[in-house]
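Structural characterization, general
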Amino acid sequence: QLMRTVTVSESGICAAYEVYAFGAGEPHITFTAGVHGNEVSGIYVAQQLIGYFQKNPPLRGTVKIIPTVNATAMRCMQRRSPFDKEDLNRIFPGNEAGSLSHRLAASVYAETADAEILVDLHCCGQHGMPYILSIYNESEAARGLVERITMPVAVHSEGTPGQLFTESCRKRGQAACIIELPSGAGSGAVNLPVANQCYEALLDLLRTEGVVAGNIQGEAPRFYGPLKDTDAPKAGLWRPQVEKGMRVERGQCIGTVEEAAVYTPESGLVMNIVPCGYIFADDLWVMTYVPLRRAFKDGEKKKRKNRNHLLTYADKRVY
């Protein structure tokens, strides 16, 4: 094990992050978390991985973990830097001559340059479902990575520039993705059941590379298109009639606002539903979903032999 601290500074202000490295040689696999300081379920998963490798060195390859990229934002329990208010996950690959966040982004981008596989852990809010986010329509490497992470849902990203995973895929050809995890209830709270699910899914990924011993425990994800929102027609008291994880059909009533029904515009899987409460004119979204359109039937799968394990995964389900 090797742990070191990397420090960047600008006009006398410093930001630092810790890098843990285990093993040696190929493959090079990197996990990052805490790019957004208040997304602590991902930080927890990264710390669990550190604890695992402190007791169980990799059977092959190098595993690098940066558990809290944006430590100053994490200490303030906020998304953005407290110094320059930048959203770190919109400014990669960064700028060594820029403000503190730009310098931090440049440092982390350089630190992750040797990764063949890069998984960035984030959070999607308290009421969301966990999912893998990837530009797998653009990148075969990214798609191959996502197929081996045993979480239920993979969502195609719109590919916003400046994110660590999009820049890594597009500019460096790395297999990179985000895993979005719901947070716990309240600031700084971890959603333990989902965090543990993600931890086990990442161990499955490492098993496919021969880095971790054992048989694959989970199932490959089902692939969907990009996330879409459903808005309410007006402000008022929102009463949901569906739950996250449910399938909804086009034209189905998903809830009411002041007795007015709200309908979903197309069939989909509910990823996030706003709980009963008041919504306002400047923020009328009530549900996030992914469309159910896929190119292949649900039962169509194929098997890939990866060393001594068989991994079953869904193939060509994007539209």
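Residues numbered from 1 in each chain as written. Predicted model: local features only at pLDDT ≥ 70, side-chain atom pairs only at ≥ 80, totals over all residues. Heavy atoms only, no water.

1. Describing the sheet that holds strand β9 (residues 222-224)
Sheet architecture is open: 9 strands sit in the order β1-β2-β4-β3-β5-β8-β6-β7-β9, paired in mixed fashion. A strand with exactly one partner marks an edge of an open sheet, and here the two such strands are β1 (2-10) and β9. For this sheet the average axis-to-axis angle between neighbouring strands, irrespective of direction, equals 25°. Against the sheet, helix α5 (residues 164-172) touches β3 (28-33), β5 (117-123), β6 (131-134) and β8 (175-181), its axis set at about 165° to β8. With respect to the sheet, helix α6 (residues 192-208) is in contact with β3, β4 (61-66), β5 and β8, its orientation differing from that of β5 by roughly 175°. (Pairing = 2+ DSSP bridges. Helix = DSSP H or I, 4+ residues; strand = E, 2+ residues; numbered from the N terminus. Axes fitted to C-alpha atoms, helices over the stretch in contact; angles between N-to-C directions. Contact = heavy atoms within 4.5 Å.)

2. Some remarks on helix α1 (residues 40-55)
Between its terminal C-alpha atoms α1 stretches 23 Å, which fits the 22 Å expected from 16 residues at 1.5 Å a residue. Those residues of α1 that fall on the buried side of the exposure criterion are V40, S41, G42, I43, V45, A46, L49, I50, Y52 and F53. (Expected span 1.5 Å × (residues − 1). Buried < 20%, exposed > 50% of the residue type's maximum accessible area, 1.4 Å probe, protein only.)

3. Quick look at the side chain of S183
For S183, the location among the structural elements is in the loop between β8 and α6. S183 gets classed as buried once you look at its relative accessible area, which sits at 15%. Within the structure, S183 has its side chain in polar contact with the backbone nitrogen of Q126 (distance 3.4 Å). Setting aside anything within four residues of it in sequence, one finds S183 in contact with S41, G125, Q126, A189 and N191. (Polar contact = N/O pair within 3.5 Å; in protein donor to acceptor, adjacent residues only side chain to side chain.)

4. A few points about unusual backbone geometry
With an omega dihedral of 0°, the bond running from E26 to P27 counts as a cis peptide bond. Within the secondary structure, P27 is located in the loop between β2 (13-24) and β3. Note the cis peptide between F92 and P93, where omega equals 10°. Tracing the sequence through the fold places P93 in the loop between α2 (71-75) and α3 (100-111). A positive phi angle is found at M77, which is not glycine, with a value near 50°. Note on placement: M77 falls in the loop between α2 and α3.

5. Focus on the state of the cysteines
Scanning all chains against the criterion turns up 0 disulfides. Distance from the sulfur of C198, which forms no disulfide, to the nearest cysteine sulfur (C177) is 9.3 Å. With no disulfide of its own, C276 lies closest to C253 among cysteine sulfurs, the gap being 14 Å. (Disulfide = S-S within 2.5 Å.)

6. Some details on the environment of T208
Looking at the element boundaries, T208 is found in helix α6. For the pair T208 and A175, spaced 33 residues apart in sequence, the C-alpha separation works out to 14 Å. For T208, the side chain forms a polar contact with the main-chain oxygen of L205, separated by 2.6 Å.

7. Regarding the environment of W285
Residue placement: W285 occurs in strand β17 (residues 285-291). Accessibility expressed as a relative area gives 25% for W285, which makes it partly exposed. For the pair W285 and M74, spaced 211 residues apart in sequence, the C-alpha separation works out to 27 Å. Contact partners of W285, with chain neighbours within four places excluded, come to D229, T230, D231, N272 and V274. Among the polar contacts made by the side chain of W285, one reaches the side chain of D283 at a distance of 3.4 Å.

8. Considering the sheet that holds strand β14 (residues 260-263)
Taken in spatial order, the 4 strands of this open sheet run β14-β13-β11-β16, and their pairing is antiparallel. With partners counted over all chains shown, the strands left at the sheet margins are β14 and β16 (277-279), one partner each. When strand polarity is set aside, the average angle formed by the axes of neighbouring strands in this sheet is 40°.

9. Side note on the pattern of salt bridges
Tallied over the full model, the rule gives 12 salt bridges. In this structure, E209 and R148 form a salt bridge, with 2.7 Å as the shortest nitrogen-oxygen distance. You can see E209 sitting in the loop between α6 and β9 and its partner R148 sitting in the loop between α4 (140-146) and β7 (153-156), a full 61 residues away along the chain. A relative accessible area of 13% places E209 in the buried class. (Salt bridge = Lys/Arg side-chain N within 4 Å of Asp/Glu carboxyl O.)

10. Things to note about the nonpolar core
The biggest cluster of nonpolar side chains holds 41 residues, and the ones touching the most others in it are V119, I149, I179 and L202. Residue assignment for this core shows that the elements contributing at least two residues are β2, β3, α1, β4, β5, α4, β8 and α6. Considering each element in turn, this core owes the most residues, 9 residues, to α6. What L202 contacts, discounting residues up to four positions off in sequence, is F31, V45, L49, V119, L121 and I179. V6, A115, I135 and Y224 belong to the second largest nonpolar core, which has 36 residues in total. (Core = buried A, V, L, I, M, F, W, Y, C linked by side-chain atoms within 4.5 Å.)

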